[in-house]
Every structure is written in C-alpha cells, then in structure tokens.
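These are the residues of each chain, in order.
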Amino acid sequence: MARLIHSMLRVLEEERSIRFYNETLGLHVVDRLVFETFTLVYLAGEDGPFELELTINHGRTEPYDLGTAYGHLAVSVADAQAEHDRLSAAGYPVTPVKTMTHGSGENPRVVGTFFFLTDPDGYRIEVLERGAPGRFI
C-alpha cells in the first residue's frame, strides 16, 4: 500500500518560508538541493516521516496564483486553543478556533476542533486538535 511521504509548495522567498514553518510548526530543514533553475528544501518535524517540500524557482519575483483547486495542508496538535494563543500572540494570521460537529439533537458527534493558519505565500494550514477521527497523527 502507498504511504504519503511529502507535499510540495512553491514559495517565493526561501528564508522567509523556512523561518515561518520553523516558528509556527516546528519544522526544520532536513535536506536542500540546488539545481540550475530551482532549489528544493525539505522540512520535517521531530516525530514523523512526512516532509514538506518547498520549491523555490530561481528568478521568480511574482507571487504564485493559488487558484481555486488548492485546499490546505493539515497538522495535528495536542491543544488547538493553546497553539492558537501562541501563534496569535506571535502575530501570525490565524482564524478563530472552531469546533465542528456532525448531526443534531442530543448527541451530535464532535468531528474536530481546529483553526487555520496562513503562510507568507497564502497557503492555508489547518491546525487540528488530536482525538477526533483522522486527527491521531
């Protein structure tokens, strides 16, 4: 069976993006490959094999058009509110924390507690609290 290993984002400024992902999500550079027309930077966290690949196209000066197809990346955290408070206090753009439920009546099922963070290139990152289905990793 296939296993997800990385996701790639095109970014305009290498150092700005590395700093953002390090300060917000604790990701650090695990590899950097410079080619003639582009550079690939691989970022990873301490507790997982999944990597974020940043692609920096040399000479690019215009921001990328994210279009209407891109949705978001998602990360899980132990405490969504605490992480929201930390990122908000540091001045990063975050949406309010929300709790999503499914169903109605006396026993709606909590699907997740989350907020969105936006990186310097406009990519959205869903920050989910662990414990809901699909939020264990």
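Before any of the text, the structure's been laid out above.
K.L.:
Can you walk me through the sheet that holds strand 2 (residues 28-34) in this structure?
P.N.:
Hydrogen bonds along the backbone pair up the strands of a sheet, which may run parallel or antiparallel. Taken in spatial order, the four strands of this open sheet run 1-4-3-2, and their pairing is mixed. Both outer strands of the open sheet, strand 1 (6-10) and strand 2, are each paired with one neighbouring strand and no more. Neighbour to neighbour, the strand axes of the sheet diverge by 20° on average, direction disregarded. In the sheet, strand 3 (residues 38-44) pairs with strand 4 (residues 51-57) via seven bridges, with the strands oriented antiparallel.

K.L.:
So what exactly am I meant to see when it comes to the pattern of salt bridges here?
P.N.:
Opposite charge on two side chains permits them to pair, given that their charged atoms come into close proximity. Following the criterion strictly, the structure yields four salt bridges and no others. Of the charged contacts, one joins aspartate 121 and arginine 16 as a salt bridge, the two residues approaching to 3.3 Å between their closest N and O atoms. Taken as a pair, aspartate 121 in the loop between strand 7 (109-118) and strand 8 (124-129) and arginine 16 in helix 1 (residues 14-25) lie far apart in primary sequence, 105 residues in all. Residue classification places aspartate 121 among the buried residues on the basis of a relative accessible area of 14%. Looking at arginine 16, the relative accessible area reads 24%, which means it is partly exposed. Across the pair arginine 86 and glutamate 83 runs a salt bridge, and its minimum N-O distance is 2.6 Å. Taken together, the residues span about one helical turn, with arginine 86 and glutamate 83 both in helix 2 (residues 80-89) at a distance of three residues.

K.L.:
Where do I start with the nonpolar core in this structure?
P.N.:
Most often, soluble globular proteins keep nonpolar side chains buried together rather than apart. Judged by nonpolar contacts, the single largest core of 21 residues is most densely connected at Leu9, Tyr21, Leu43, Leu52, Leu54 and Leu117. Elements represented by at least two residues in this core include exactly helix 1, strand 3, strand 4, strand 5 (73-77), helix 2, strand 7 and strand 8. Non-local contacts of leucine 43, meaning those with residues more than four positions away in its chain, are made with Ile18, Tyr21, Leu27, His28, Val29, Val30, Phe50, Glu51, Leu52 and Leu54.

K.L.:
Could you clarify how one ought to interpret the packing of aromatic side chains in this entry?
P.N.:
Here the distance between the centres and the angle between the planes together describe a pair of aromatic rings. Counting across every chain of the model gives five aromatic pairs. Between phenylalanine 114 and phenylalanine 116, the ring centres sit 6.0 Å apart and the planes meet at 85°, which makes this aromatic pair edge-to-face. Across the pair, phenylalanine 116 and phenylalanine 114 agree in class, each one buried. Ring pairing ties together the aromatic residues Phe20, Tyr21 and Tyr92, which thus form one cluster. We note arginine 60 situated over the ring of tyrosine 64; from NZ or CZ to the ring centre the distance is 4.0 Å. The ring of phenylalanine 116 is capped by arginine 124, whose NZ or CZ atom sits 4.1 Å from the centre of that ring.

K.L.:
Which parts of the structure should I look at to understand the sheet that holds strand 8?
P.N.:
Pairing within the open sheet is mixed, and its four strands lie in the order 5-8-7-6. This sheet does not close on itself; its edge strands, each paired only once, are strand 5 and strand 6 (98-102). Adjacent strand axes in the sheet meet at a mean angle of 35° when their direction is disregarded. Bridge analysis of strand 5 against strand 8 gives five bridges, and the strand direction is parallel. Residue pairing in the sheet places serine 76 in a bridge with leucine 128 of strand 8. Against the sheet, helix 2 engages strand 5, strand 7 and strand 8, with an angle of about 15° to strand 7.

The rules behind each value
One numbering rule holds for all chains: residues counted from 1, following each sequence as written. Side-chain atom pairs in this predicted model are given and counted only at pLDDT of 80 or more, local residue features only at pLDDT of at least 70, and totals for whole chains, interfaces and linings cover all residues. By convention in this description, side-chain values take in all heavy atoms of the structure and omit both hydrogens and water. We call two strands paired when DSSP finds no fewer than two bridges between them. Going along the chain from the N terminus, every DSSP run of H or I of four or more residues is numbered as a helix, and every run of E of two or more is numbered as a strand. Axis geometry follows a simple rule: fit a line to the C-alpha atoms, using only the stretch in contact for helices, then measure angles between N-to-C directions, giving values from 0 to 180 degrees. Salt bridge, as used here, is a side-chain nitrogen of Lys or Arg placed within 4 Å of a carboxyl oxygen of Asp or Glu. Any residue under 20% of the maximum accessible area for its type is buried, any over 50% is exposed, and the rest in between are partly exposed; the area is computed with a 1.4 Å probe on protein chains only. As used here, the term nonpolar core means buried Ala, Val, Leu, Ile, Met, Phe, Trp, Tyr and Cys residues forming a set that is joined through side-chain atoms within 4.5 Å. Contacts between residues were defined by any pair of non-hydrogen atoms, one from each residue, lying within 4.5 Å. Stacked, tilted and edge-to-face pairs are distinguished by plane angle, under 30 degrees for stacked and over 60 for edge-to-face with tilted covering the rest, among Phe, Tyr and Trp rings (Trp via its six-membered ring) whose centres lie within 6.5 Å. Over a ring means this: the NZ of a Lys or the CZ of an Arg is within 6 Å of the ring centre and within 35 degrees of the ring normal.

By themselves, these are just geometric observations and shouldn't be taken as functional.
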